[in-house]
Amino acid sequence: SGVKDNEEAVVDLNPFDFDKESLRQTFLQKPNSTASFFLTYYKILSKKKSTNANTELGNNLLNTFIDAMSPQDHANRDANVVLSGSLENFPLKQILDILVQGKDTDLGKRAIEGYIWLSCRRKYEKKNSGHSVFDGPNGPILLASPKFPLTSMCDKIGWDNLEALLVEAMEMLCKYQNTSVRPFALLEKVEPTASSGSESAQSRIFFRLAKVAYEKRFTADPVATALDFVEYNRCVYRRSCRASVKLINAFVDAMSPSDSSSRRVPLKEISLRFPLEEILATILVDGKHKELGKRVLEGYVWLSSQKRGIGSSKPRGPELLAGTLDGVCNKIGWNLLGDVLVESVEKLCEFDNTHYASQLMERIARLSSCGEASQCTLVRVRLAKLTSKKMLNIDRFRSTPVSTAKLFLTQYKQLEKDSSNKQFCSELLNSFVDIMSPLDIKNRKVPNSQITQAFPLKDILGLLVDGGHMQLGKRVLEGYVWLSSQQVPCYVSGGPTLLDTADASLVSMCEALGWNELENVLVESVEMLCKYRSTEKAVLLVDKISAASEGHRLRICSKMAKIACDKMIEELRETRQYSSAQRLSLYKKLLWLVGNYCPTIAPKFVTLAKNFDVDVVLYPLLTDVALRSSSSVEAMKHTLSELTTHCAQILNSRVSSDSSIVSAWTITNAHLYQFTEFGDFLQNQCKQSFDWRVRKSDHRGFEADLRRLINAQEIRCMSYQPGYSGAYHFKITKLKTCRVALSALSCSCSDRTYLYDSKIRLEPRDCLRHSSQTKHQNDKAKLDAIKAYLPADSSLKRKAVDALGGDDDDDVVLTGVAGIAETVAKRVKAAEDAGEVIEIL
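Residues numbered from 1 in each chain as written. Predicted model: local features only at pLDDT ≥ 70, side-chain atom pairs only at ≥ 80, totals over all residues. Heavy atoms only, no water.

**Observations concerning the pairing of strand β9 (residues 760-763)**
Thinking step 1. Judged by which residues are buried, β9 turns out to be one-sided: I760 and L762 face inward and are buried, whereas R761 and E763, on the alternate face, are not.
Thinking step 2. Sheet topology places strand β5 (residues 689-693) next to β9; four bridges connect them, and they run antiparallel. Considered in β9, the bridge of F690 is made with L762. (Buried < 20%, exposed > 50% of the residue type's maximum accessible area, 1.4 Å probe, protein only. Helix = DSSP H or I, 4+ residues; strand = E, 2+ residues; numbered from the N terminus. Pairing = 2+ DSSP bridges.)

Structure representation (structure tokens):
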């Protein structure tokens, strides 16, 4: 045993002199060295002259070595044997080559059998420290090695002869290599070709090995096994459809055995990474294998509902079904999937996973029947009744009010299609209303989740109104107003903000029950909207339900309008939203409601409106044709007249003033910064803001250079990223203006050295020399238009208080003025030059 690759020493050895038991023990102690010795000796014998003696000598050598490697009597195998060293470099291929060339197929089979047995024994290795370390077996990994020609060996030895050994090898690989890809590497080696018959021994062995591999691996790691299957089957399908079918059957048998008693709970969780959708797409290709698709779904429902052991988390049920049903139901068939879908919803409800149960129900409700309308309807009705009983309860409504309401709508619409469900629909309707709005208000409970904008209030009220359930609609309305006004932890209540979307249903209920019946809830809803800073929604609600009001409707709408408009005017005055063009439509509604329903607060609105920007808000508001055509009430006419006169006076003041005097942006001692990067901008009185795309490291230096102007509140600087990403910008904004003659205006708008730099943006883009003339012409056109709404004898003269109020000079900051007296004197002089009469009050 100590001789290796020394041909001179080996020549004189005679196999007949070997003690078989000693050789077997030597082989177990040093399998690699013994096998190498055998190969060397046999190579020497093969070079000798071919004689009967040499042939007999070679045959005896083969038998002696194979007897040591794989005894025929299995009783001679010591189950507790410990190998010395690893078998990863064992020369199995070279040994089989010798046996196959000599057509000793039985010895080849025994060699493979012996290798499989040896690869499953424990082993110890000596480390550099001199200590021996014991290690577990690796299994027959050489058979799965890319360099090992397993297919050719099987062809030569015979697939039938090796079937049992290959199955055993796969079992051992799965046992000792359950976290690696080696079991599937062995499976790929025996994959049948397209020319192989479906009943061939190779196809049969491929199916058996696939079944073993997937059964063992799926129990250990279902997600990884499923991902491997999808990827491998994609490759197999391109090479051989028959092999793909066998692979699919093997995987389905592992995932969902036909015998339910053979099911095994996997060691790892069936997580959301499980490729259920890909598996079904693989199996249902070309519309085939419907039964297998059903079995996959059954297996998934069962697996996702099992608890793996003590300390593991609670199962969550078949969550993935909510996202994988598109096309699956029609491919497999509603008649096959009915029980599976019902069981899925039951499991989700059982594990309190109602969110996914709702998603599953909504998905099923949207699916088309594709020719199986009756079966599809039956399944949906079964599911609707099931979920209505299990999911429509007060606890779930408190937890997720929005999804519960949507679920109710879905189930009710599904059930009402069949007249036989009329009684059940009535019970379902009353049950939901009792949950949302109990008859005894003491039983109301604050929800754990906010009633968001996604709550289907409009659909629920529409459903009740269309069905003539007006009293139930009133209860739903009361419940919604109460629920949406409750403070929920981590949420900020906005009040009943959805009422304006359901105005048609509200009006229908009020007309049917009487406006007096719903007065309290309508007024309360406006109060809650104003309380929680949703005043604009309150104004919109009153605007939508107040058309053509009379009698009790007029009284209630007036009451609601006074609350909403008074609060809205207060908020606008606090926030000083005087120049927001986006809110023009709100201002129109507010003016219409004040003029028609609550004239007592008209003076407040007039005071507010006089602060509106003339160009952006006030002029468009007063020239709105639709608004003026609806002003039939005297209070409305008076309000419009007062505001129109005010607007005309301001425009007249602008037109009468000297057009050569403009309001310009000014910086004190701007010439001191003429040699800086922004010196031209600071001296240019036409531009208010300077936005420069420049590296951030320079921003601090710019701020230091401008510190004096910042402290004097003449400018404001800001370092920012547009859209919170990309390059940094440095922005300078001037804060003060003064009245300047165009002839004295400091302007460099024609200087192209910086105006056309792609990294710099200046605002406004127009030069004051041109824009002032345009503005003067526009003011004259607006004055002519607004005069058309004034009486013929109307005077545009303003009182001193108005003239000095600065309505048209909000942006004026006079610099270099000695005091208040001089400031007043200059404004009075401007009014006199414009031809206005000053009345001292």
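**Focus: helix α2 (residues 20-29)**
Thinking step 1. Taken residue by residue, α2 has L23, R24, F27 and L28 as its buried positions. Taken end-on, α2 shows its buried residues confined to a sector of 135 degrees, consistent with a single buried face. (Arc of directions from axis to C-beta.)

**Brief notes about the sheet that holds strand β7 (residues 729-734)**
Thinking step 1. Taken together, four strands build an open sheet; the order of strands is β6-β7-β5-β9 and the sheet is antiparallel. Two strands close off the open sheet at either side, each with one partner strand: β6 (715-720) and β9. Looking at each pair of strands side by side, their axes are set apart by 10 degrees on average, direction ignored. (Axes fitted to C-alpha atoms, helices over the stretch in contact; angles between N-to-C directions.)

**Examining the environment of I116**
Thinking step 1. Residue placement: I116 occurs in helix α6 (residues 105-119).
Thinking step 2. Discounting residues that sit within four places of it in the chain, I116 has contacts with P140, L143, L165, E168, A169 and M172. (Contact = heavy atoms within 4.5 Å.)

**Here we look at the packing of aromatic side chains**
Thinking step 1. Summed over all chains, the structure comprises 25 aromatic pairs.
Thinking step 2. Here the aromatic rings of Y214 and F251 are separated by 5.5 Å at their centres, their planes lie at 90 degrees, and the arrangement is edge-to-face. Pair noted here: Y214 is in helix α10 (residues 201-220) and F251 is in helix α12 (residues 241-255), with a separation of 37 residues, a long-range link. The two residues Y214 and F251 agree in class, both being buried.
Thinking step 3. Ring plane angle 90 degrees and centroid distance 5.7 Å describe the contact between F678 and F702, whose orientation is recorded as edge-to-face. With a gap of 24 residues between them, F678 in the loop between β4 (661-665) and α33 (679-683) and F702 in helix α34 (residues 699-705) connect regions that are remote in the sequence. Accessibility classification places F678 together with F702 in one group, the buried group.
Thinking step 4. Taken together, the ring pairs connect F184, Y214, F218, F229, F251, F274 and Y300 into an aromatic cluster.
Thinking step 5. Cation over ring: K782 sits above Y619, and NZ or CZ is 5.6 Å from the ring centre. (Phe/Tyr/Trp six-rings, centres within 6.5 Å; stacked < 30°, edge-to-face > 60°. Lys NZ or Arg CZ within 6 Å of the ring centre and 35° of its normal.)

**Structural notes on the packing of α6 against helix α8 (residues 159-176)**
Thinking step 1. Contact geometry for α6 and α8: axes closest at 10 Å, N-to-C directions at 15 degrees. Our classification of the angle between α6 and α8 gives roughly parallel. In terms of crossing hand, the pair formed by α6 and α8 is left-handed. Two secondary-structure elements touch here, α6 through K109, I112, E113 and I116 and α8 through N161, L162, L165, E168, A169 and M172.
Thinking step 2. Counted by class, the contact of α6 with α8 contains six nonpolar, one polar and three charged residues. (Parallel < 35°, antiparallel > 145°, perpendicular 65-115°, else oblique. Left-handed = near helix turned anticlockwise from the far one by under 90°. Nonpolar A, V, L, I, M, F, W, Y, C, P; charged D, E, K, R; others polar.)

**What about the nonpolar core?**
Thinking step 1. Ranked by internal contacts, the top residues of the largest apolar core, which has 213 residues, are F90, Y214, F274 and F455.
Thinking step 2. Considering each element in turn, this core owes the most residues, ten residues, to α8.
Thinking step 3. Once residues within four sequence positions are removed from consideration, F274 is found in contact with F218, P222, V223, A226, M255, I279, Y300 and L320.
Thinking step 4. By size, the runner-up hydrophobic cluster in this structure holds 18 residues, among which are Y673, F681, F702 and F730. (Core = buried A, V, L, I, M, F, W, Y, C linked by side-chain atoms within 4.5 Å.)

**Description of the confidence of the model for the protein chain**
Regions with low pLDDT should not have their predicted coordinates read in detail.
Thinking step 1. Chain-level statistics for the protein chain give a pLDDT mean of 81 and a share of 85% at 70 or above.
Thinking step 2. Of the regions scoring below 50 in pLDDT, residues 837-841 engages in ten contacts with residues more than four places distant in sequence or in other chains. (pLDDT = per-residue confidence, 0-100.)

**Quick notes on helix α37 (residues 768-787)**
Thinking step 1. Under the 1.5 Å per step criterion, the end-to-end length of α37 is 28 Å for 20 residues, consistent within 8% with the ideal 28 Å.
Thinking step 2. By the burial criterion, the buried members of α37 are L768, S772, D779, K782, L783 and I786. For α37, the buried positions fall inside an angular range of 100 degrees around the axis, keeping them on one side. In α37, those exposed residues whose orientation departs by more than 90 degrees from the buried face are H770 and Q777.
Thinking step 3. On its buried face, α37 is in contact with α30 (614-622), α32 (634-656) and β4. (Expected span 1.5 Å × (residues − 1).)

**Here we look at the environment of L39**
Thinking step 1. Its place among the elements puts L39 in helix α3 (residues 31-47).
Thinking step 2. Separated by 59 residues in sequence, L39 and I98 place their C-alpha atoms 8.8 Å apart.
Thinking step 3. Other than its neighbours up to four places away in sequence, L39 contacts P91, Q94, I95 and I98.

**Notes on the environment of K567**
Thinking step 1. Within the secondary structure, K567 is located in helix α27 (residues 552-575).
Thinking step 2. Sequence separation of K567 and E527 is 40 residues, and the distance between their C-alpha atoms is 9.6 Å.
Thinking step 3. Beyond its immediate chain neighbours, meaning those up to four positions away, K567 contacts C530, R533 and T535.

**Here's the deal with the pattern of salt bridges**
Thinking step 1. Tallied over the entire structure, the rule returns 32 salt bridges.
Thinking step 2. Close ionic contact of D253 with R295 constitutes a salt bridge, the shortest N to O distance being 2.9 Å. Of the two residues, D253 sits in helix α12 while R295 sits in helix α14 (residues 290-303), which places them 42 residues apart along the sequence. For the pair D253 and R295, one class covers both residues: buried.
Thinking step 3. Salt-bridge contacts for K588 lead to D624; the nearest nitrogen and oxygen are separated by 2.8 Å. Of the two residues, K588 sits in helix α28 (residues 584-597) while D624 sits in the loop between α30 and α31 (625-629), which places them 36 residues apart along the sequence.
Thinking step 4. For D624, a relative accessible area of 18% translates into the label buried. (Salt bridge = Lys/Arg side-chain N within 4 Å of Asp/Glu carboxyl O.)

**Digging into the pairing of β5**
Thinking step 1. Of all five residues in β5, four are buried, a share of seventy percent or more.
Thinking step 2. One ladder, built from five bridges, connects β5 with β7; its direction is antiparallel. Residue pairing in the sheet places R693 in a bridge with H729 of β7.

**Observations regarding unusual backbone geometry**
Thinking step 1. In this model, N669 sits at a positive phi of 55 degrees, which is unusual for a non-glycine residue.
Thinking step 2. Note on placement: N669 falls in the loop between β4 and α33.
Thinking step 3. Overall, N669 belongs to the partly exposed group, its relative accessible area being 39%.
Thinking step 4. Phi at Y724 takes a positive value of approximately 60 degrees, unusual for a residue other than glycine.
Thinking step 5. Position of Y724 among the secondary structure elements: in the loop between β6 and β7.
Thinking step 6. A relative accessible area of 79% places Y724 in the exposed class.

**Brief notes about the side chain of E191**
Thinking step 1. Following the sequence through the fold, E191 ends up in the loop between α9 (182-189) and α10.
Thinking step 2. When its relative accessible area of 11% is taken as the criterion, E191 is described as buried.
Thinking step 3. Within the local environment of E191, its side chain forms a polar contact with the side chain of Y232, the two groups lying 3.0 Å apart.
Thinking step 4. Here R239 takes part through its side chain, which lies 2.9 Å from a polar atom of the side chain of E191.
Thinking step 5. If near-sequence neighbours (up to four positions away) are discounted, E191 is found in contact with Q202, F206, Y232, V236 and R239. (Polar contact = N/O pair within 3.5 Å; in protein donor to acceptor, adjacent residues only side chain to side chain.)

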